[in-house]
Amino acid sequence: MFDHFEALPEAAIPVTLVRGEFLVAEAIPQGMDIELRLHRSGGEPLVVTDTQTGGDGTEVLVFFCDRDFRGKVVFRAHPDTYGQDATCRVTLARTSDIPEETSRTLAEASRLGSAGGHTGQEGPEGQPGPTIAQYRELLARLETLDHPLAARLAMPLWRELGRRASQSPETRALARSSLAKSLALARTCANDALVLELLSECGEAARAVAPLEARAWFQEALDLAKVHGWMRRTAIAHNDLGTLLHSLGDIHEALYHFHHALEYHERRGPSREKAIILYNLGRAYTWLGLSRDAVPYLVQARDIHAAQGNGRSMANTHTILGTAYSQARDYDSAEQSLLAAIALRKKQGNVLQLGVLWDHLGSAYLLKGDSEAAAPHFRKAWQTFSRLGREDFAAITALNLANVHLERDRPDQALVFVRRGLDTLARRSASVPLAQAHYLHADAQFRLGRHEEARESIATAIDLVERLGRKGYSLNTELPLFASRHQYFELAAAIFLASHHEHPDRGYRERAYSFVERGLARTTVRRIAQPPEFHPATPEKRALAAELLEAEDRYGSSRAAGSDEWFGSAEEAERLRLLHRYRILTERDAKNQRTQAAETSRFGPEQARRLLRRDDLLVTYHLNARSPAVWVVGRDVFEVHPLPLSVAELEVEVARFMDLLRDGKNLSGAARLSRQAQRLGSALLKPIAEHLRSPRRLYVVRHRFLHYVPFEALEHPVLGRGPLIEKHVVAYVPSASTLAALRERHSAVRPAMRRGALILADPVYGDSDPRCRVKASPGRTSASKRADPSSETKLPRLPQSRREGQAIRDHLGEEAVVLTGFAANREALMRREGDYHLLHLAAHGRIDATQPEFSSLILSRRDERGRRTPGTLPAFQIEHLRMRADLVVLSGCQTALGAPFAGEGLLGLTRAFFTSGSRSVVVSQIQVDDFATAELMITFYGHLFGDGPAHMDAALALAQAKRDFRAKPRFASPYFWSGFVLFGDGLLREDPE
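Please read all numbers here as calculations on a predicted model, not as lab measurements.

A.B. asks: Any details on helix H26 (residues 647–662)? Residues and values, ideally.
C.D. replies: Counted at 1.5 Å a residue, the expected span for H26 with its 16 residues is 22 Å, and the 22 Å between its end C-alpha atoms agrees. Among the residues of H26, those classed as buried are Val647, Leu650, Glu653, Val654, Phe657, Met658, Leu660 and Leu661. All buried residues of H26 fall inside an arc of 160° around its axis, so they share one side. Buried residues along H26 sit in contact with helix H27 (670–684) and helix H35 (974–977).

Set out below in structure tokens:
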């Protein structure tokens, strides 16, 4: 059949064709762009058959000759975006004599495919393009022909029919069936590049009406692109899947695909495709409330669109960027972005989007606290949506107007707008805005004193939020979700507590306490409740974890080298990119291995009582702006007391106390510190003084800025002079349900045999350390303070920490493994995974207040030859260690600190060790002195491993060590002993109660 063949990047060849002959052009390799043009001698082009340029790939191009032709054929192959050379194979084929009608049908199909296939709705020279009816009539005729070319010519026609039909909602079913037929024909041509394009188009056609079918098409396209190694098409398929999953609400799965799509474009210059992916990433992170992650992607997308003059895309990006800036409380930048978007939309004449932007701008002003500036923008948006008949948009703006009236303390006017929004949203079943509407309705009713209506509305709002969490939200997703919805539980607690004062015998106090618990440490509880095999070691995850750890090491090296350019550097950008992928992969694994996490929705005072022994008290501080209170639960006690100061007043007192405590080494400030401890103690402890007359073990649940306060340093409200630690043992828990989850896991996962202790102390950090064989760098000296290493070039040695390890060895003998100096390194720790009674790590810590996964312990960074070795042990790596311990002690500086999240507390190293399987953790809240820390630890272990009442009771042993310290004049200041606190229950033995 083939009697002519050429394979060249570009050529113009004279040709003579007779009726019944046809030309076939194919790209080599598949996926390249090609053009095929025929010119009659001495005239204009007879027909143009080409593809879109830019590396999109192509079908096989066909020209059927229905009458004699003399002229030339011009064919051209375009390189793809890699710059790879391409060629075009052109084949001249003949068929035997065919009937006139068949010839006309084949020629018409050839011309129609050429005219409509790649030039939109117009045919050659601007003539109107063929209609849907013309395509269907011609395809019906082609199906009746018994000719080898009929199916090949039908394939692009079915494709174009599908494209045309997809432009109208009434013909979407025709679009899906037409594209499916084109795909079926393409599969017979052995042209996978064409199959890949059609898979994507089938997915687009099904996206709105059959999302699960669309997902299957996009997934097949992704798999096919990977098989052939077509990186650009792989990126497109990832982006297609990501946008579909985002529309389905599966944001973390969407992020997984967006990040993979971006990998291809990171190695290339700016392009429209890259800008779209960056926009999708930023939009997804904004939706999750992770504005700090969203902004860099959106800024890059904005700059690319600006350089290319794409006004519509710029407006979209400015809109989302304004929302992200508002979330990040950068209100000036938010206003600037939203005003830029408004200017662009005005030029485009897009009235609906203008209304959306007025609403967003009002929200930015409202978040800023400027309700006066917000109101007129919301009214503009409301009028716009009402004029357009878009009640769905108007309902959202109604809620914002209700917020404005609540800010002005006009609950009756707020109710008018809330009810308008509720009616529409209830009909549309919009979960998130409907929950917000019920929340605002509850708030307004509560302010009007209508507690029954408020209770009903807030219960409905929380139920909607909880159901949203169960529809695919897991550990990483829940963090921003529950951090942003923490206000729901705060309002519920306030409403039910006020109802209790009206009706003390109806159980409203118990329900109020349950709402307090439900709003605290939700993600921490769920992490603790996962089984030991929660983190599956899939090959993909192992590889990514190793890559992330290497990126963190490179980032640490850039800081250790003393460079001033580490912030915003390539190393930092790479570690953040990999962290995002790691979070997403962890999210996917969590879905695949989902378990029944500890349920807090029914956790009330009865469940809390079961956690406590006779002399224990669970003291929960809840700094609700409406009614700050302290809850007390004991075996025979359940009370709630209002705090005497407002939240704002308490924050001032806490700041003063912590400033004086951090400067507590200065004896001249001792009197002021004592007076401030008395003032703060009176505010926080005096309301429960009646329960502090006899010795107690206090499990303290802190809230908001109280997470920074060591309560044992506050003055005892009954003793008069003297701190709380003199009479009571203090341990901290993120919530009562966290304590329950820790104990439940300990009883369910009990190793057959635990080792004694593993101790790492006195690591080697730099060339200035005399233990290094490399000559010390000038100007670097050791220090006696365990400083927070904000500059890792000056990490001081911790020589006194060797004494801590020796003290443990003295008590436990051969059961204690002590690694010091060069041996106190990360690899040595990871090689000794297992179960221990005690894990003691005397090393510097580095706290990341924005990305808690990067909070780290810093172990030895030099080997015996003075060579640099990785020493950073980040929180994400700690979480996946197979190293459960009854007690973990981190005797470095400020290891208790972390990234603050509403309702969750400070996320950092403590939660990482809880997640890995530890039962109790001792950490420091302030900078600590090296020598004093060693003395305190030696005293602590003397009580812990001694024969006294504190034997194997870490909470009591730490309390007694602090009392011993206070008795020494040199260490009497709380600065020396109050910094170390214990999280968990503190027991290294079984509790008979």
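A.B. asks: So what's going on with helix H32 (residues 909–916)? Residues and values would help.
C.D. replies: Extensive coverage of H32 is indicated by the burial of eight of its eight residues. Looking one or two residues beyond H32, the residue adopting positive phi is Gly917, at roughly 125°.

A.B. asks: Which residues make up the packing of aromatic side chains, and what are the values?
C.D. replies: With the rule as written, the count across this model stands at 18 aromatic pairs. Members of the aromatic cluster, each reached through a chain of ring pairs, are Phe931, Phe965, Phe971, Tyr975 and Phe976. Lying over the aromatic face of Phe417, Arg420 brings its terminal NZ or CZ to 5.2 Å of the ring centre. The aromatic ring of Tyr732 is capped on one face by Arg702, whose charged end is 4.0 Å from the ring centroid.

A.B. asks: Hey, could you go over empty space enclosed by the protein for me, with residue numbers and the actual values?
C.D. replies: Using the criterion set out here, one finds nine cavities of 30 Å³ or more in the structure. Considering only enclosed or pocket space, the largest cavity measures out at about 200 Å³ in volume. Lining the largest cavity we find 17 residues, and of these His707, Pro734, Glu904, Leu906 and Phe983 sit closest to its centre. Of all the secondary-structure elements, those providing two or more residues to the lining of the largest cavity are strand E23 (905–908) and H32. Residue composition of the lining of the largest cavity, grouped by class: nine nonpolar, five polar and three charged.

A.B. asks: Please provide a residue-by-residue account of the sheet that holds strand E19 (residues 856–858), values included.
C.D. replies: If you trace the three strands from one edge of the open sheet to the other, you get E18-E19-E20, paired in antiparallel fashion. At either end of the open sheet lies a strand with only one pairing partner, and these are strand E18 (844–846) and strand E20 (872–874). Averaged over all pairs of adjacent strands, the angle between their axes in this sheet comes to 25°, without regard to strand direction.

About the criteria used
- Residues numbered from 1 in each chain as written.
- Predicted model: local features only at pLDDT ≥ 70, side-chain atom pairs only at ≥ 80, totals over all residues.
- Heavy atoms only, no water.
- Helix = DSSP H or I, 4+ residues; strand = E, 2+ residues; numbered from the N terminus.
- Expected span 1.5 Å × (residues − 1).
- Buried < 20%, exposed > 50% of the residue type's maximum accessible area, 1.4 Å probe, protein only.
- Arc of directions from axis to C-beta.
- Contact = heavy atoms within 4.5 Å.
- Phe/Tyr/Trp six-rings, centres within 6.5 Å; stacked < 30°, edge-to-face > 60°.
- Lys NZ or Arg CZ within 6 Å of the ring centre and 35° of its normal.
- 1 Å grid on protein atoms, 1.4 Å probe; cavity = no way out; pocket = protein on both sides within 12 Å on 5 of 7 lines; lining within 4 Å.
- Points joined across faces, edges and corners; volume = space filled by probe spheres on them.
- Nonpolar A, V, L, I, M, F, W, Y, C, P; charged D, E, K, R; others polar.
- Pairing = 2+ DSSP bridges.
- Axes fitted to C-alpha atoms, helices over the stretch in contact; angles between N-to-C directions.

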